[in-house]
Amino acid sequence: MLKGIDPILSPELLATLRAMGHGDEIAIVDGNYPALEHGRRLIRLDGHGIVAVINAILTLLPIDDFVPEAIFRSTVGTDAERLDPIHQQLIACCARHEPERRVVPLVGQDFYGRVKAAHAVVQTGEPALYANMILRKGVIYPVA
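Q: Hey, could you run me through the packing of aromatic side chains in this one?
A: We describe a pair of aromatic rings using the distance from one ring centre to the other and the angle between the two ring planes. Applying the stated criterion across every chain, the model contains two aromatic pairs. Ring geometry for Y33 versus F111: centroids 6.4 Å apart, planes at 75°, classification edge-to-face. Here Y33 is found in the loop between β1 (25-29) and α2 (35-38), whereas its partner F111 is found in helix α5 (residues 108-117), with 78 residues between them in sequence. Take Y33 and F111: they sit in the same class, and that class is buried. Aromatic pair Y33 and Y112: ring centres 5.4 Å apart, planes at 85°, arrangement edge-to-face. Residue Y33 is located in the loop between β1 and α2, and its partner Y112 is located in helix α5; the two are separated by 79 residues in the primary sequence. What makes Y33 buried here is its relative accessible area of 7%.

Q: Explain the sheet that holds strand β2 (residues 42-45) here, please?
A: Where strands meet in a sheet, backbone hydrogen bonds hold them as pairs that are either parallel or antiparallel. Ordered in space as β2-β5-β1-β6-β3-β4, the six strands form an open sheet in which the pairing is mixed. Two strands lie at the open edges of the sheet, namely β2 and β4 (103-106), each paired on one side alone. Along the sheet, successive strands turn relative to each other by an average axial angle of 20°, direction set aside. Relative to strand β6 (residues 133-136), strand β3 (residues 71-74) is paired through three bridges, and the arrangement is antiparallel. Looking across to β6, one finds that I71 is bridged to L135. Those strands touched by helix α1 (residues 11-19) are β1, β2 and β5 (120-124), and its axis lies near 140° from that of β2.

Q: I tried to follow the pattern of salt bridges on my own but got confused; where do I start?
A: Here the idea is simple: oppositely charged side chains can pair when their charged atoms come close. Scanning the model with the defined rule gives six salt bridges in all. R44 serves as the salt-bridge partner of D46, at 2.8 Å between the closest nitrogen and oxygen. Residue class for D46 comes out partly exposed when judged on its relative accessible area of 48%. Between D84 and R82 there is a salt bridge whose closest N-O contact spans 2.9 Å. What you see here is one network of salt bridges that share partners, running through E25, D64, R114 and R136.

Cut-off values and rules
Residues numbered from 1 in each chain as written. Predicted model: local features only at pLDDT ≥ 70, side-chain atom pairs only at ≥ 80, totals over all residues. Heavy atoms only, no water. Phe/Tyr/Trp six-rings, centres within 6.5 Å; stacked < 30°, edge-to-face > 60°. Helix = DSSP H or I, 4+ residues; strand = E, 2+ residues; numbered from the N terminus. Buried < 20%, exposed > 50% of the residue type's maximum accessible area, 1.4 Å probe, protein only. Pairing = 2+ DSSP bridges. Axes fitted to C-alpha atoms, helices over the stretch in contact; angles between N-to-C directions. Contact = heavy atoms within 4.5 Å. Salt bridge = Lys/Arg side-chain N within 4 Å of Asp/Glu carboxyl O.

In structure tokens:
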């Protein structure tokens, strides 16, 4: 345990977040996602819901502001506009940390392809279906 760091953030996840560079992406997925098949590096956080995990990660991870889109969510089938309750919760969580950033829906294979290219995949114990996100790491600006 460390002061000021959410205990959901395991040592392995903290090391991964720190090791990521600008533009690297991390996927956070639900308990049904084929994470072992899609992840180059897999971190398991069984027993934790995705909203709590995203909230904890966003307390530390800067989001990329060099690109117009840096936060992504999976969709329910091919319906990019459909928002299940879990999507609404994820969007609200992201808005608390990154109010200027839009959460972009990615349909099916577009989402899967991006996960496969991600620096790491974090598999949560989230039971809700289609509860998956990708975050693109930004930079910490020097203090002048």
